[in-house]
Amino acid sequence: MEISNCPTFQSALPIVTIHLITIICLLPQYHYNLGILLHTMTKGSNVADEIIFSVTDQINYGIEDSSAQSPELRIDLAKLNEMAGAKAVDRSDFVTARSYLNTALSLLPYNHWKSHYELSLRLSFLLAQSANSCGDVEKAQLTLQEVLNECHGIEDKLSSYYLRADSKCQHLNPYLFS
């Protein structure tokens, strides 16, 4: 007798299906809660630096509706993603860095250049640097233009001007940099 013809299997199938669907629907929330718990337990310790990618990935996997979170938590998670993105940049993993930095920027409020200027500046510059290193010159240029439009002083703009010029030179003549 095939298992699909078994009456017990036939009667249990809808129940198993419902449980599997429930588990799949709750899985992102589980990852998010696990990440938040790990982040809370390790925040400010040496352990946090060692497991930053694991913690950040857990949270980001289940972050789904970030608008439901408090503004303070969103900023804290943006800073966590910034730390993970910066560590990925240090390891020359620019694709991963872009993911963390895009998530960090998405967590900031609409007026983030006014309310969180320094964080916005750091995130945007790192994102532009990562995009440029991945060969996404258009994303790098758009991000750098935003930085240059929003920056208050020349000191904040210098690194962006340099990266913008470097990016354009590489784009115009890629053989000079290979």
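A. Representation of the packing of aromatic side chains within the structure. The tally for this structure, following the rule as stated, stands at 2 aromatic pairs. Summarising the aromatic geometry, the rings of Phe53 and Tyr100 are spaced 5.9 Å apart at their centres and angled 20 degrees between planes, so their arrangement reads as stacked. Separated by 47 residues along the polypeptide, Phe53 in helix 3 (residues 52-61) and Tyr100 in helix 5 (residues 94-107) bring together distant segments of the chain. According to the relative accessible area criterion, Tyr100 is buried, its value standing at 4%. Aromatic pair Trp113 and Tyr117: ring centres 6.0 Å apart, planes at 65 degrees, arrangement edge-to-face. The same class applies to Trp113 and to Tyr117, which are both buried.

B. Geometry of the packing of helix 4 (residues 71-90) against helix 5. Packing of helix 4 against helix 5 leaves a shortest axis separation of 8 Å and a crossing angle of 165 degrees. Between helix 4 and helix 5, the angle is such that the two are roughly antiparallel. At the point where helix 4 passes helix 5, the crossing takes the left-handed sense. On helix 5, the residues that touch Arg74, Leu77, Ala78, Asn81, Glu82, Ala84, Gly85, Ala88 and Val89 of helix 4 are Phe94, Thr96, Ala97, Tyr100, Leu101, Thr103, Ala104, Ser106 and Leu107. Tallied by class, the residues present in the contact of helix 4 with helix 5 amount to 11 nonpolar, 5 polar and 2 charged.

C. Region of interest: the pattern of salt bridges. Going through the model one piece at a time under the given rule, you end up with 3 salt bridges. A salt bridge links Asp76 to Lys43; the nearest nitrogen and oxygen atoms lie 3.0 Å apart. Here the residue Asp76 occupies a position in helix 4, and Lys43 occupies one in the loop between helix 1 (7-42) and helix 2 (46-50), the gap between them amounting to 33 residues. The partner of Arg98 in a salt bridge is Asp136, and the shortest N-O contact between them spans 2.9 Å. Here the residue Arg98 occupies a position in helix 5, and Asp136 occupies one in the loop between helix 7 (117-133) and helix 8 (137-150), the gap between them amounting to 38 residues. Looking at Asp136, the relative accessible area reads 25%, which means it is partly exposed.

The rules we used
- Residues numbered from 1 in each chain as written.
- Predicted model: local features only at pLDDT ≥ 70, side-chain atom pairs only at ≥ 80, totals over all residues.
- Heavy atoms only, no water.
- Phe/Tyr/Trp six-rings, centres within 6.5 Å; stacked < 30°, edge-to-face > 60°.
- Helix = DSSP H or I, 4+ residues; strand = E, 2+ residues; numbered from the N terminus.
- Buried < 20%, exposed > 50% of the residue type's maximum accessible area, 1.4 Å probe, protein only.
- Axes fitted to C-alpha atoms, helices over the stretch in contact; angles between N-to-C directions.
- Parallel < 35°, antiparallel > 145°, perpendicular 65-115°, else oblique.
- Left-handed = near helix turned anticlockwise from the far one by under 90°.
- Contact = heavy atoms within 4.5 Å.
- Nonpolar A, V, L, I, M, F, W, Y, C, P; charged D, E, K, R; others polar.
- Salt bridge = Lys/Arg side-chain N within 4 Å of Asp/Glu carboxyl O.

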